[in-house]
Amino acid sequence: MFNHLQAYAGDPIFKVAQAFQEDPRQEKINLSIGLYFDDEGQVPVLDVVHAVERSWAERNEPRIYLPMAGLPDYCSSVQALLFGQEAVDEGRIATIQSVGGTGALRVGGELLHEAFPQSELWVSDPNWANHEAIFKGCGIRTHSYRYFDATTKRVDFEGMLSDLMQLPPRSIVLLHPCCHNPTGVDLSRAQWQQLIPVLKERQLIPFLDLAYQGFAEGVTEDVYVLRAMYDAQLTFLVANSFSKNFSYYSERCGALSVVCSSASGAQHVRGVLEAIVRRLYSNPPAHGAQVVAAVLSNPEWRAQWEAEVAGMRERIREMRQAVTKQLAHYAPQYDASYWLEQNGMFSYTGLTSEQVDRLRDEFGIYLLASGRVCVPGLNNQNVSYFAQSLAQVV
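So, on to the nonpolar core. Y74, F83, L175, M229, W305, W339 and F386 are the most contacted members of the largest nonpolar core, which totals 102 residues. If we ignore the near neighbours within four places in the chain, the residues touching Y74 are Q97, F242, C253, G254, A255, A289, V292 and A293. One finds A69, C138, I140 and C260 within the second-largest nonpolar core, a separate group that totals 28 residues.

Along strand β7 (residues 172-175), one buried face is formed by I172 and L174 and the opposite face, lined by V173 and L175, is buried too. Note: strand β3 (residues 121-125) against β7, two bridges, orientation parallel. If you follow L121 over to β7, its bridge partner there is I172. Pairing of β7 with strand β8 (residues 205-210) involves four bridges; the strand directions are parallel. Bridging across to β8, L175 finds its partner in L208. Taken together, β7, helix α8 (residues 189-201) and β8 form a β-α-β motif whose crossover is right-handed.

Attention now moves to the sheet that holds strand β10 (residues 253-259). Strands sit in the order β2-β10-β9-β8-β7-β3-β4 across an open sheet of seven strands; the sheet is mixed. Looking at which strands have only one partner, the edges of the open sheet turn out to be β2 (93-99) and β4 (142-146). Each strand of the sheet is rotated relative to its neighbour by a mean of 25°, with strand direction disregarded. Packing against the sheet, helix α3 (residues 72-83) makes contact with β2, β8, β9 (236-241) and β10, and its axis sits at approximately 115° to β2. Sheet strands touched by helix α10 (residues 263-280): β2 and β10. Its angle to β2, the strand with the most contacts, is close to 20°.

Here I96 is to be found in strand β2. Look past the residues within four positions of I96 in its chain and what remains in contact with it is A69, C75, V107, G254, A255, L256, L273 and V277.

Conventions used here
- Residues numbered from 1 in each chain as written.
- Predicted model: local features only at pLDDT ≥ 70, side-chain atom pairs only at ≥ 80, totals over all residues.
- Heavy atoms only, no water.
- Core = buried A, V, L, I, M, F, W, Y, C linked by side-chain atoms within 4.5 Å.
- Buried < 20%, exposed > 50% of the residue type's maximum accessible area, 1.4 Å probe, protein only.
- Contact = heavy atoms within 4.5 Å.
- Helix = DSSP H or I, 4+ residues; strand = E, 2+ residues; numbered from the N terminus.
- Pairing = 2+ DSSP bridges.
- Right-handed = clockwise from strand over helix to strand, strands pointing away.
- Axes fitted to C-alpha atoms, helices over the stretch in contact; angles between N-to-C directions.

In structure tokens:
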């Protein structure tokens, strides 16, 4: 009875990962899926997470439903982490626990489509492909604005500003506060300060997707634009995720925060969000949220977590430096400086699909057709092989 539905071709990222698993070659590298790997090629369980999980399990508490908005301590901890305690005390933020960052985007999309059914969404070019699918699922039409300059491998800021200044009021603009996916190319603080008045004057609705907090400059530094928008009295949405910075992928710990103009407005929005959650999935899961809330609210655990995030961030930087150094040796004609200028887990190489195919077929190196590389897939054991292989195709 469902044969008339369009067949699903599968997610391109997971298809590449599956092809990697089926490759029998010993000397192969998976640089496709967005996971953080340590230098041994393993996805780590953070020490602080392990300690808190043991502590929570020993209390043997009943596993009852959480409120529709999620664990209250989790929501308040998220607000403080993103916006600072002073903003929490003002009460202008409505926050709910979500099923990962993806779930936060979906609930936010439902809210926006219910409030502004004629509004359409603009995402960066290029962008994480699932953004468009999520918002289309909410009934929101999507378009793109200029963002990445393939020649300079930097932000096309003038093009971005020009595009956004042409949008009608109440247009939704998807933005990345740090570690842009897929390019790793971020706006500077000066550029954010130029962009914020445009968003405000054009009455645009910013929706910020914060999936990699702590992987660019630091846990607090990476939320600069959130706090700048808050101080500028913008109304905006933030989807954040703890999958990467807690290495907690399977627990689906995320949150949606809506910054409003008043405390009463935030209370009203929170009620609407709860109604949306009720019809989608009723309640979020408890385990991961309990752990995240405990870590963020305990000064000792919080310090340990930030130190572990700093360790992950530094390892990624070391791999970027290693690739740049190796390419200077194996391909001196190739300008690899962008590896050092981009932030976070991803590097946008600008490789053609033919070059990507050669890396896979000849060398067993798997990355996305767009040329996006997941940098933490590199380590001290394989980075030289990667650089030598890349030098053969550029």
